[in-house]
Amino acid sequence: MVNKLGLLIKQLYKQKVRAKSFILMTLLYVVVMAVITFWSDIKAIFVNDEALEVALINETAVELEPIFVTNEDIAFSFPAESTESVYEQLKEEEYDAVVVVTEENETLKADIATYGPLKLNDQSAISSFVQYAGKIYGIQQLNLTASEADKILNSEAMITTTNLDESVADGKSEDQKQSGIWASYFVGIVIYFFIMAFLSMITTDVASEKGSRALEMLLVSVKPSTHFQSKIIGISLLALTQFVIIFGSLLALLRFANGGEKWEMVDSILNELTYSYVFYVIAFLFLTIILFLIIGALFGSLVSKVEEASQVMTPAIMTALVGFYVMISGVANPDTMLIKVFSYIPLTSGMVMPLRIGATDINPIESIISLALLLITVIAFYMISLSFYKRSVLTYSSGGVIQKIKTVLKVTT
Amino acid sequence: MTLTLEHVVKKYKDFTAVNDLNFKIGSGEIFGLIGQNGAGKTTTFRMILDLQDQTSGTITWDGTPIKKINRDYLGYLPEERGIFPQMKVEEQLFFFGQLRGMKREELKREIDFWINRFDLEEKRHNKAETLSKGNQQKVQLIASFIHKPRFLILDEPFSGLDPVNRDLLKDAILFLKEKGVTILFSSHQMDNVEELCDHLCLLKRGVSLFSGSLLDLKKQYGKTKLTLRTNIPKTELEKLAGVKEIKVDREEYVLTLIDESFAESIFEVVSNGQYIEKFSLDYLSLDEIFKDKVGGNGE
């Protein structure tokens, strides 16, 4: 029986992995991931992002030049000529803007003169420089030393969190929570896309075998349970293959492109994640995908022909969609009641619970309960589906999903 | 080796698909299961193949419950045609053969033999979906027995085949019989059943109307079909004793007699000591018996 299972898995895997649609989809994912990762570099190629030329005329007694530091967006220059002459140069478009800083009632006043309109981003950037200069100016009016001024401007309170409930581990820092949100957002998207792609693949595959009656020939030599298992395992392996290809190439890109500059960012997120978080994420990812594959195979066995596959898939796709949007809502605020409720529902917990684990101070028992619920659901669904699959694969009926289930129950019990 | 069905019943919630079915198929025999659509043929096949459980009764192969025998002993061609559309012909046959535990080398020989016999050499590397319906059917048929089963079930194997391919299939069935394969098949085309079967079972709405040898079935009706070519008008023939029904078929009369014992007296009347071009007394054809039985008179 193991040999037959192996043969079925091999046939399914070979057929799907060689399919043009799978290859193109995988490549598309790699390209999309690469574009997202290197968006800023790609943007730089297409967008003319020359630094804004800004002339600063300082009419105060305070030395402001060290504050207006040239960066990649704005190049400051400090012309010694008269304001009128600089304005002339502005008209001749030698500068994009001229900032004239003066003093009035012990307050810094700045006038931003332009000839053409400024972009909002550029305007905000210049304003923030001026605001900072205003603060320095204010401090200097108090006759503080530079280090005293610096201390006022740059001191930050150190915040640690402690939860006195011993069952909860010490609270996560904001950095950890931020990393948790990003990692969980990523996991949620991965689960969602994999569900969409492979749920549809397994459902249409079973439906097409049933519709083409090849299944009847297969079931003479293999048990329906073996056939069912081969579909789950085969498609899971395919999902794993796609996962490894996409994320393998993504990691390689991050690691080697730009001398690993981007990798440091990913690394810093990964460093904030705990081993238990990684364990939960993998467990939720794996179990959720398996659960949807079981549902997909079962629903595929209900239809009479492949054209009806999308009809039976809709409820499962809608559920995944709900989970996805709840997860997205949690990125802004992961502590809502909505997130809590959906983190326990087995079909959505895979997308939502990692967010709570990563980004909130959750009691570990909650994650264990949610994972256990998911595991029990997977096992229960597997057992129920197995017995139902045996009866539904050879029953042909019309109507909606409920009608099909009723027909199967009617003619097989 | 024999397949035995004893008191097999298959009941669903609101109807009985098969009711108290009994028959036996001897080793190397060709057995026909005939009946109209919905008579219970496919359900019977599925129970034999363990694709469905029977409500009661027993199905055994050589005394062993069918559920316990090696699945690879069985071969099955379903009624609805279909194979893996995306797979190439040869690849498909290798897949089904290997699934039935055959080694590649042995399979290669079998595949070559059958592809050649069914005139599919040019299609060997084509995807199944590109083949004509008839060719797809031939591939599916080969797939059903490529693993050399001991017992082969063919559900409506002749439907959709042109006369040339029908003959190819008939030859193949007889070839398999010679090799000792026991074959159970269903067909709507009674001439095929008549030509191939040793024994048969006639089903009507799940109930067996007859089970046994073809000759015994024909003997039940006797030689009551009389074909004759004569100048005597139909009205005269109708007056003869023992004539139940007369049909005119081109220049011939086809008389249905109440009993074959009337034939002799009819011969004396129509020949009247003279030369007669045609006077032929036969058993009813299976088609006629089927229509009579299933048409309602047989119950």
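Since the structure is predicted, the reported quantities are computational estimates derived from the model, not experimental observations. (Residues numbered from 1 in each chain as written. Chains lettered and ligands numbered in written order. Predicted model: local features only at pLDDT ≥ 70, side-chain atom pairs only at ≥ 80, totals over all residues.)

Visitor: Explain the overall build of chain B here, please?
Guide: For chain B, the helix and strand inventory stands at 10 helices and 14 strands. Referenced to the eigenvectors of the C-alpha coordinate spread, the extents of chain B come out at roughly 70 × 45 × 35 Å. Partitioning the contacts of chain B with sequence separation of at least 6, the portion at a separation of at least 24 is 69%. (Helix = DSSP H or I, 4+ residues; strand = E, 2+ residues; numbered from the N terminus. Contact = placed C-beta atoms within 7 Å.)

Visitor: Could you clarify how one ought to interpret the pairing of strand S13 (residues 252-257) of chain B in this entry?
Guide: Side-chain positions along a regular strand alternate between the two faces of the sheet. All names here are of chain B. What you see with S13 is a clean split: Tyr253, Leu255 and Leu257 sit on the buried side and Glu252, Val254 and Thr256 on the side with no burial. In terms of strand pairing, strand S11 (residues 225-229) meets S13 through 4 bridges, oriented antiparallel. Bridge pairing links Leu228 to Tyr253 in S13. Pairing of strand S12 (residues 243-249) with S13, which is carried by 6 bridges, proceeds in the antiparallel orientation. The residue of S13 that forms the bridge with Glu245 is Thr256. Taking the residues between adjacent antiparallel strands as the criterion, S12 and S13 are bridged by 2 residues, where Arg250 takes a positive phi near 50°. (Buried ≥ 20, exposed ≤ 12 C-beta atoms within 10 Å, placed from the backbone. Pairing = 2+ DSSP bridges.)

Visitor: Would you mind going over the domain arrangement of chain A with me for this structure?
Guide: Often the size quoted for an interface is simply the accessible area lost on bringing the parts together. Taken domain by domain, chain A comprises domain 1 (51-154) and domain 2 (172-412). Here the C-alpha centroids of domain 1 of chain A and domain 2 of chain A sit 55 Å apart. (Domains from an automatic or database assignment.)

Visitor: I tried to follow the packing of helix H7 (residues 174-211) of chain A against helix H12 (residues 309-332) of chain A on my own but got confused; where do I start?
Guide: The angle between the axes and the distance between the axes are what describe a pair of packed helices. Residue and element names in this part refer to chain A. It is at 10 Å that the axes of H7 and H12 come closest, and there the two elements cross at 180°. Considering their axes alone, H7 and H12 lie roughly antiparallel with respect to each other. Along the contact surface, H7 presents Ile181, Tyr185, Gly188, Tyr192, Ile195, Met196, Leu199, Ser200, Thr203, Thr204 and Ala207, while H12 presents Ala309, Val312, Met313, Ala316, Ile317, Ala320, Phe324, Met327 and Val331. (Axes fitted to C-alpha atoms, helices over the stretch in contact; angles between N-to-C directions. Parallel < 35°, antiparallel > 145°, perpendicular 65-115°, else oblique.)

Visitor: Honestly, the domain arrangement of chain B in this entry has me stumped. Any pointers?
Guide: Structurally, chain B comprises domain 1 (3-218) and domain 2 (223-282). Averaged C-alpha coordinates put domain 1 of chain B and domain 2 of chain B at centres separated by 41 Å.

Visitor: Help me understand the pairing of strand S4 (residues 107-114) of chain A, please; the structure alone is not making it clear to me.
Guide: Strand direction decides the pairing type here: strand S3 (residues 97-104) of chain A and S4(A), joined by 8 bridges, are antiparallel. Residue pairing across strands places A:Thr102 opposite A:Lys109, the latter belonging to S4(A).

Visitor: Just to check I follow, could you spell out the interface of chain B and chain A for this structure?
Guide: Across the contact, 24 residues belong to chain B and 17 residues belong to chain A. At the level of secondary structure, the elements contributing two or more residues to the side of chain B that touches chain A comprise strand S6 (74-77), helix H2 (89-99) and helix H4 (133-145) of chain B. Considering every element that reaches the side of chain B that touches chain A, the biggest residue donor is H2(B), with 4 residues. Of the residues in the side of chain B that touches chain A, the class split is 13 nonpolar, 4 polar and 7 charged. (Nonpolar A, V, L, I, M, F, W, Y, C, P; charged D, E, K, R; others polar.)

Visitor: Please explain helix H1 (residues 41-48) of chain B as it appears in this structure.
Guide: Side chains three or four residues apart in an α-helix point the same way, a direct result of the helix having 3.6 residues per turn. All names here are of chain B. Taking burial as the measure, the 8 residues of H1 include 8 buried ones, the bulk of the element. Turning to H1, its buried residues are Lys41, Thr42, Thr43, Thr44, Phe45, Arg46, Met47 and Ile48. One or two residues past the end of H1 sits Asp50, with phi positive at roughly 65°.

Visitor: How should the sheet that holds S11(B) be read in this particular structure?
Guide: What holds strands together in a sheet is hydrogen bonding between their backbones, with the strands either parallel or antiparallel. All names here are of chain B. An order of S12-S13-S11-S14 is seen for the 4 strands of this open sheet, with the pairing classed as antiparallel. Two strands in the sheet have a free side with no partner beyond their single neighbour: S12 and strand S14 (278-282). Neighbouring strand axes in the sheet, compared pairwise and without regard to direction, differ in orientation by 20° on average. In the sheet, S11 pairs with S14 via 5 bridges, with the strands oriented antiparallel. Within S14, the residue paired with Leu226 across the bridge is Leu281. Against the sheet, helix H9 (residues 263-271) contacts S11, S13 and S14, and its axis sits at roughly 170° relative to S14.

Visitor: Teacher, can you tell me more about helix H15 (residues 364-392) of chain A here?
Guide: Over its 29 residues, H15(A) runs 40 Å from end to end, which matches the ideal 42 Å to within 8%, given 1.5 Å per residue. Of all the positions in H15(A), only A:Ser367, A:Ser370, A:Leu371, A:Leu374, A:Ser385, A:Phe388, A:Tyr389, A:Lys390 and A:Ser392 are classed as buried. (Expected span 1.5 Å × (residues − 1).)

Visitor: How should I be thinking about the nonpolar core in this particular structure?
Guide: The biggest cluster of nonpolar side chains holds 132 residues, and the ones touching the most others in it are A:Ile195, A:Phe198, A:Ile289, A:Phe292, A:Leu293 and B:Ile183. Considering every element that reaches this core, the biggest residue donor is helix H11 (residues 275-302) of chain A, with 15 residues. When neighbours within four sequence positions are excluded, A:Phe198 is seen to be in contact with A:Ile235, A:Ala239, A:Ile289 and A:Leu293. (Core = buried A, V, L, I, M, F, W, Y, C linked by C-beta atoms within 7 Å.)

Visitor: Looking at this model, I keep getting lost on the environment of A:Lys231. Mind explaining?
Guide: You can see A:Lys231 is positioned in helix H9 (residues 224-256). Separated by 166 residues in sequence, A:Lys231 and A:Ser397 place their C-alpha atoms 22 Å apart.

Visitor: Help me out: how do you make sense of unusual backbone geometry in this one?
Guide: Across the chain, the bulk of peptide bonds are trans and the bulk of non-glycine residues have phi less than zero. Residue and element names in this part refer to chain B. Positive phi, normally seen in glycine, also occurs at His7, with a value near 50°. Relative to the helices and strands, His7 is located in strand S1 (residues 3-11). Look at His7 and you get exposed, because 12 C-beta atoms sit within 10 Å. Notably, Asp50 is not glycine yet its phi reads approximately 65°, a positive angle. Inspection of the secondary structure puts Asp50 in the loop between H1 and strand S4 (56-61). With 19 C-beta atoms counted inside 10 Å, the residue Asp50 sits in the partly exposed group.

Visitor: What should I look at first to understand the packing of helix H2 (residues 20-37) of chain A against H9(A) in this one?
Guide: Residue and element names in this part refer to chain A. Following both chains from N to C, one finds H2 and H9 inclined at 30°, their axes separated by 9 Å at the closest point. Comparing their axes, H9 and H2 come out roughly parallel. The hand of the H2/H9 crossing is right-handed. Contacts between H2 and H9 involve Thr26, Tyr29, Val30, Met33, Ala34 and Thr37 from the former and Gln242, Ile245, Ile246, Ser249, Leu250, Leu253 and Leu254 from the latter. Per-class residue counts for the contact of H2 with H9 are 9 nonpolar, 4 polar and no charged. (Left-handed = near helix turned anticlockwise from the far one by under 90°.)

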